[in-house]
Amino acid sequence: QVRLVESGGGLVQAGGSLTLSCAASGLTFSAFAMAWFRRAPGEDREFVAVIRRSGGSTYYADSVKGRFTISRDNAKDTVYLQMNSLKPDDTAVYYCAARNRFDSDYAHEYHYSDWGQGTQVTVSS
């Protein structure tokens, strides 16, 4: 059974930083592309970032490009999201997701087979 567990969320002031982690189990982690999505209050879930299986390629939503960095450690079955220069608009529940392939549809949530329970990130102004 696949399990994805996010951690690292919390309350931070605007301009601050947080690092989210997502520990995976029950899957061959290195065979999966891993992504982060987020859902702000009253909004649909949206794509944040994705990293390919080898970690060689990463892609970001325009809203976080230059501020967020996705990375992975295949030896630890963990994917990370380093978030810098946080803004109140980044307030959301952040989810990690796994997909056993990578293609141009990486930003569409319905392509991901497994999801974590989410971790809350709140950025105060």
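The coordinates are above.
In short, a report on the structure. (Residues numbered from 1 in each chain as written. Predicted model: local features only at pLDDT ≥ 70, side-chain atom pairs only at ≥ 80, totals over all residues. Heavy atoms only, no water.)

## A look at unusual backbone geometry
Residue Asp-77 is not a glycine yet carries a positive backbone phi of 55°. Here Asp-77 is to be found in the loop between β7 (68-73) and β8 (78-83). Looking at Asp-77, the relative accessible area reads 27%, which means it is partly exposed. (Helix = DSSP H or I, 4+ residues; strand = E, 2+ residues; numbered from the N terminus. Buried < 20%, exposed > 50% of the residue type's maximum accessible area, 1.4 Å probe, protein only.)

## Some thoughts on the state of the cysteines
As enumerated under the stated definition, the model contains one disulfide in all. Here Cys-22 engages in a disulfide with Cys-96; their sulfurs sit 1.9 Å apart. With the S-S dihedral at roughly 45°, the linkage between Cys-22 and Cys-96 falls on the right-handed side. With Cys-22 in strand β3 (residues 18-25) and Cys-96 in strand β9 (residues 92-99), this residue pair connects regions lying 74 residues apart in the sequence. Accessibility assignment for this pair places Cys-22 and Cys-96 in one class, buried. (Disulfide = S-S within 2.5 Å.)

## Comments concerning the environment of Ala-75
Looking at where Ala-75 falls in the secondary structure, it is placed in the loop between β7 and β8. Along the backbone, Ala-75 and Ser-30 are 45 residues apart, and their C-alpha atoms lie at a distance of 8.5 Å.

## Some thoughts on the sheet that holds strand β1 (residues 3-7)
As summarised here, the arrangement of the four strands in space is β1-β3-β8-β7, forming an open sheet in which the pairing is antiparallel. This sheet does not close on itself; its edge strands, each paired only once, are β1 and β7. Strand-to-strand, the axes of this sheet are offset by a mean angle of 15°, without reference to chain direction. Note: β3 against β8, six bridges, orientation antiparallel. Bridging across to β8, Ala-23 finds its partner in Thr-78. (Pairing = 2+ DSSP bridges. Axes fitted to C-alpha atoms, helices over the stretch in contact; angles between N-to-C directions.)

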